[in-house]
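# Examining the three-dimensional arrangement
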Amino acid sequence: MRSLLLTVVLLATLTTPATAQPPAGRGAEPGNGPERHLVAAVDPPPAVTAARGENRPEAVQGYPRRTLLREFPEHPTDRSIKLGLAPYHSLAPRLNDLQRRSDRISVEVIGQSTAGRDLYLVTLTAPETPAEARRQDAWRGKIENNPEAARRDVLLRHAYKAPIWINANIHGDEWEGTDGALRVIEDLSLTRDRRVVELLGRHRVHVNLTANPDGRVAGTRANASGFDLNRDFATSSQPESRAMRDLVQRIQPVLVLDQHGYVANTLIEPTTPPHGQNYDFDLYIKHGYAGGLRMEQAVQALGHPEAARPEIPFRDYEPGVWDGWAPIYTAQYAMYHGAVSYTIEIPMRVNRGDYEAQPVPELRRRSAINTDVVEATIRGALSYVRDHRTSMVDNQVEIFRRGAAGEPQRRLPDGIVPGFGPEDRYTTEFPRAYVVPVGDRQRSGPAAARLVDHLVAHDVRVTRADRPFTLGGRHYPIGSYVVDMHQPKRALANVMLEAGRDLSDAVPVMYDISGWSHRLLWGASVDVVRSGRLDVRGRAVVAAAPTGSLPATTGAGFALTLTDGKDVAAVNDLLGHGIELRRHEDGTVVAPATARAEVAAAADRHGVRFTPGRPGGTPLRPVAVAAAVAADELKALRDMGFDVRPVSTAVLNGGFDLAQVDVLVVSSGLRYDQLGEGARAGVDAFLSRGGVVTRGAAGARFNSDTGVLPVRAVAGKEDANGVVGVTGPTGRPDHTFVYAPHWFTDLGDGVEVMQRYRQLVAGHWTSRPDGSGGQEEAAGQAAVVAGTSARGARAVLFGTEPLFRDHPKGLYWQVADAIYRTAQ
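Residues numbered from 1 in each chain as written. Predicted model: local features only at pLDDT ≥ 70, side-chain atom pairs only at ≥ 80, totals over all residues. Heavy atoms only, no water.

### Focus: the environment of Leu760
Where we set the bar: Only DSSP runs of H or I reaching four residues or more are called helices, and only runs of E reaching two or more are called strands; each is numbered from the N terminus. Any residue under 20% of the maximum accessible area for its type is buried, any over 50% is exposed, and the rest in between are partly exposed; the area is computed with a 1.4 Å probe on protein chains only. The contact definition used throughout considers only heavy atoms, calling two residues in contact when any of these lie within 4.5 Å.
By the element assignment, Leu760 lies in strand β32 (residues 752-764). A relative accessible area of 7% means that Leu760 is categorised as buried. Among residues more than four places away in sequence, those in contact with Leu760 are Asp502, Ser504, Asn721, Gly722, Val723, Val724, Trp765 and Gln775.

Laid out in C-alpha cells, this is it:
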C-alpha cells in the first residue's frame, strides 16, 4: 500500500536490516500526507437506489437473528469480478441462502455506505434463546460497568461467549478479506465438525463482511467520499466509520482482525514502537505476540512460497516503520475498547498498477493465494482464542477494572515477550479529570457541545454538573462538563483529550500522523485537572445541552464572531435565506435587528451565540467557491455551508468558467503551468477581480506561478506532522495542525502575517539529512499570510492544515474567514 516515493522519503535516514525490509504497507497514499496535493476531489457518485425490495429482519432477540436482505442489481463493472472474487451484488443472495440453511448464522444490516449500500454484520454462534442472549448481554455490560464484580463472577468466566470481530475490506481495493471471511462463514455455518460446534458454543464470531462496499465496487482505497476509512476512527466523519465505532462498542471483542493488503510475505501485527502511551500494554503484548505467532504458523502451513516468511513488525522491523501510536486505525482504536487486535496484510498485490498491467490469470492466481492467507489468519486467530479464552476475557476485565479504579499503568520488564526492551516502553500519567467549562463565549458553545457529544458517542463517560463547583483550584458554573478519568475506558478518553507527545527524538520515522488532540484542535476550552479529590454532582450526559442564543437587546443588530465552523454555517444559512449581512474588518458578521426571527432560527439550528451588533461593516453576499482541494477539505467547506464547485487542471481545461465564482481555493490537483491557453486566460482574468485561498505545496506553487503574493514558500520536511503552537494578531487559536508544513519568507510590501509557528507540541517533525525543513527552522516563521496582488487578487496562503481529514474542527473558521476576506 505504501507508495515508493514516500517510502524513500521516510526511510532516507533509516538503516534497515536486510532481513527486515520495510513494508509497502498501510501508510502514505494519494490523499494521505504529503501526496495529497496531487489529486483534486470530485463530487461523489450518486447514491445507489436500485436495490430490490427492503431488508426484513426477524423480530428475534436471541440467535439466530435472520434478516431477509434486499438484493442489489448486478454491477458488471464491479472491480472484484476481474479477480475472480465475490462482487458486492452477490453477497446478499449468498447470505440469504446461508440463513435458510443454518441456525448458526445471523445477518444484520448495521448501516449504509456513503453511496447507500448495505453494511452486513454476520454473527456466527450456537443458537441462543432470548433469555440466554440477555444473559450474555448482561455479562458483557458487567465486564465494562462493574469489572471488579465481573472478575469474581465464576459463572461469567466459565459461560461468557468471548466475542471476536473480523473486519474485512476497509480499503476497497484490498478485496480478499471479504472472500476469505466468506469461506470461514460458510464453513462455520454448515460444517458438522464437532470442534466447530463447540467453538460456537463458547464464542461469538462477528464479521463486518465489507466495511467499504463503495470502494470494493469502484476499486478504490477510499470510500465514495474520498476518505480513507482506516484513518477515521478517532474522528468518525464517515457513515462507515461510525458503523464500525458503534459495532466495536456493542460487541466488545476480545480479539480483532482487520484484513488488508498488500505486503510481500504477509504482515501480522503487533506493531513496532512507539506503542500508544495510553494502553495497558502488559495486558496486550503477551496475547498480541503469541496470537501473531499462531497466525504466522497457520499461514506458513498453507505451503505458498509467496507467504512462507510472514513479517511481524514488532519482531522484524525497526522502530517507527509500522508503529502503533495513533488511534486512527481499526486495530489501534479497538484496543481502547479492550481488544487484542491486529492489522493483517496479505501478500500478493492485485490493485493499482498491477490490476491494469497483469494478465487476468496471474491476478486470479494472486487473489487465490491472498484469500487462502485471509482464511488462514482467521482460523489461526479462532484457534488462539479457543485455547486462551478465559485469560483473554480476564484481560479485558482487568483493562476496565484498572481504568475504573484509576490505577497507574504497570511497568513492563525487559523480555516480557522476546524482543521487548526500552524502545517499547511508552507510558503516561492519567490526569484526575478533564473539565469542559461553559460560559466562556469564545471557546464554548457549539465547540463544547460537539466535543462532548463526540466523547459520549465513543463510550467516554461525561457528567454535566447540576450546581457550581471548584476543582483543581478553579471555579466552574453549573452546566459545565466533567470527564472523570476513573472510568473503564479512560485510555480512550485520554488519547482524545491529551495534548500528545513530541516523538521527534524517539524514533527516526513514523508511519502516519503522530499528533492530534481534540482538546487543542476542536475549538472548545478544556481544562486538565492533574490530581485531587473529585466531588462533582451531576448527571451522566446522553447529549450535550443546546448552546444557541441571542441577546434580548440587539443594539445595531445581531453580531456573530467567527470562532467555529458552526458560526460559518450559520452565516451561510442566513445568506441563503436572503438576510443582508455586513462584515467588519475583525471578521465579525452582523445581521440586522429586523431579522430577529431568522437569526433565532439559525442560532437554534447551529448552536451558535449572537451578541449585540454594531453599525458599519462591508456588505457580505453569498460566496461561490471553485475548489481544487482534497476530499477532506471539500467536505469541510460544504459542512460550513459554502457553495463549492470542485475544479482541477482537467476541469479548467475542459472549459469551466471562473466568471461564475468569487473565490478560488487551491490545495490539490491544479497546476497553472499545465493549463491550456484558454484556461490560463480565464485564471488570469479571474485574478484581476476574485479571491484566492491556497494551502500546502500545490497552493504554494500556484501562488509562485501566478505571482499573486510576493512571498517565498519554504517546504518543511515532507513527513512532518502534528500539533504546533502558533501566535497571531488576535492571539487565537493557540494551536494548529500541520502535515508537510510550509512557511513564508521574503515577504513583500503589503503582505500581512496572520499566524506564526512556535514549537511542536505533539507529533513528529525532524530535519532532512541536510539539516533543512525542521522545527527549528520553522519557529517564528510566517505560517499564514494575506495580502492583495498588484492586479487586484486578494489572497490568503496557508502553510498549515486547517481542514485535515475532518479533524481539526476548531480551525475551520480560519479558512472560512479567508474566503470571506478575499471575496470582499
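### Looking at the environment of Gln249
Relative to the elements of secondary structure, Gln249 occurs in helix α9 (residues 239-251). Residues Gln249 and Ala334, spaced 85 residues apart in sequence, show a C-alpha to C-alpha distance of 8.9 Å. In this structure Gln249 touches His337, Ala457, His458, Asp459 and Lys489, once residues within four positions along its chain are discounted.

### Details of the packing of aromatic side chains
Where we set the bar: Side-chain rings of Phe, Tyr and Trp (the six-membered ring for Trp) are treated as a pair once their centres are within 6.5 Å; stacked means planes under 30 degrees apart, edge-to-face means over 60, and tilted covers the remaining angles. Think of it as a cone above the ring: NZ of Lys or CZ of Arg counts as a charge over the ring if it is within 6 Å of the ring centre and within 35 degrees of the ring normal.
Under the defined criterion, the tally for this structure stands at 18 aromatic pairs. The ring of Tyr63 is capped by Arg65, whose NZ or CZ atom sits 4.1 Å from the centre of that ring. Here the guanidinium or amino end of Lys82 rests over the ring plane of Tyr355, the centre of that ring lying 4.5 Å away.

### Here's the deal with the packing of helix α18 (residues 565-576) against helix α19 (residues 596-606)
Two numbers describe a pair of packed helices, the interaxial angle and the distance between the axes. Our working definition: With axes taken as lines fitted to C-alpha atoms, and helix axes fitted only over the stretch in contact, angles between N-to-C directions fall between 0 and 180 degrees. Each crossing gets its handedness from the near helix: less than a right angle anticlockwise from the far helix is left-handed, clockwise is right-handed. Residue polarity follows a fixed list, in which Ala, Val, Leu, Ile, Met, Phe, Trp, Tyr, Cys and Pro are nonpolar, Asp, Glu, Lys and Arg are charged, and the others, Gly among them, are polar.
At a minimum axis distance of 10 Å, the contact between α18 and α19 shows a crossing angle of 145°. Relative to α19, the crossing made by α18 is right-handed. Between α18 and α19, the contacting residues are Lys566, Ala569, Ala570, Asp573 and Leu574 on the first element and Glu598, Val599, Ala602, Arg605 and His606 on the second. Residue composition of the contact of α18 with α19, by class: five nonpolar, one polar and four charged.

### Details of the sheet that holds strand β21 (residues 589-591)
To summarise the sheet geometry, strands pair through backbone hydrogen bonds and adopt either a parallel or an antiparallel arrangement. Put simply, the test is: Whether two strands pair depends on DSSP finding at least two bridges between them.
Read from one edge of the open sheet, five strands run β22-β19-β21-β20-β23, paired in antiparallel fashion. The sheet is open, and its two edges are formed by β22 (611-612) and β23 (618-620), each paired on a single side. Here three bridges tie strand β20 (residues 581-583) to β23, and the two strands are oriented antiparallel to one another. Across the sheet, residue Leu581 finds its bridge partner in β23, namely Leu620.

### Concerning the pattern of salt bridges
Rules: Salt bridges, as used here, are contacts in which a Lys or Arg side-chain nitrogen is within 4 Å of a carboxyl oxygen on Asp or Glu.
All chains considered together, the criterion is met by 73 salt bridges. Arg315 is the partner of Asp316 in a salt bridge, and the nearest nitrogen-oxygen pair spans 2.9 Å. Residue classification places Arg315 among the partly exposed residues on the basis of a relative accessible area of 34%. Residues Arg386 and Asp387 are paired through a salt bridge, measuring 3.2 Å at the closest nitrogen-oxygen approach. Judged by relative accessible area, which is 43%, Arg386 ranks as partly exposed. One connected set of salt bridges, linked through shared partners, spans Glu148, Arg151, Arg152, Asp280, Asp282, Glu398, Arg401, Arg402, Glu407, Arg410 and Arg490.

### Things to note about the pairing of strand β4 (residues 118-124)
Burial of β4 is extensive: seven of the seven residues sit out of reach of the surface. Side chains Asp118, Tyr120, Val122 and Leu124 project from β4 onto one buried face, and the interleaved Leu119, Leu121 and Thr123 project onto a second face that is buried too. Strand direction decides the pairing type here: strand β3 (residues 105-112) and β4, joined by six bridges, are antiparallel. From the neighbouring strand, Val107 faces β4, where its bridge partner is Val122. As consecutive antiparallel partners, β3 and β4 are separated by five residues, and within that stretch Gly116 has a phi angle of approximately 95°, a positive value. Where β4 and strand β6 (residues 203-208) come together, four bridges link them in antiparallel fashion. By the bridge assignment for β6, Leu124 is matched with Val205.

### As for the side chain of Ser480
Rules: What qualifies as a polar contact is a pair of N or O atoms within 3.5 Å, subject to a donor-acceptor requirement within protein and to the restriction that residues adjacent in sequence count only when both atoms come from side chains.
Relative to the assigned elements, Ser480 resides in the loop between β15 (474-476) and β16 (481-484). Ser480 gets classed as buried once you look at its relative accessible area, which sits at 0%. A distance of 3.0 Å separates a polar side-chain atom of Ser480 from the backbone oxygen of Pro477. Not counting the four nearest positions on each side in its chain, Ser480 is found in contact with Val436, Pro437, Val438, Thr463, Arg464, Ala465 and Phe469.

Don't take any of this as a statement about function, it's just geometry.
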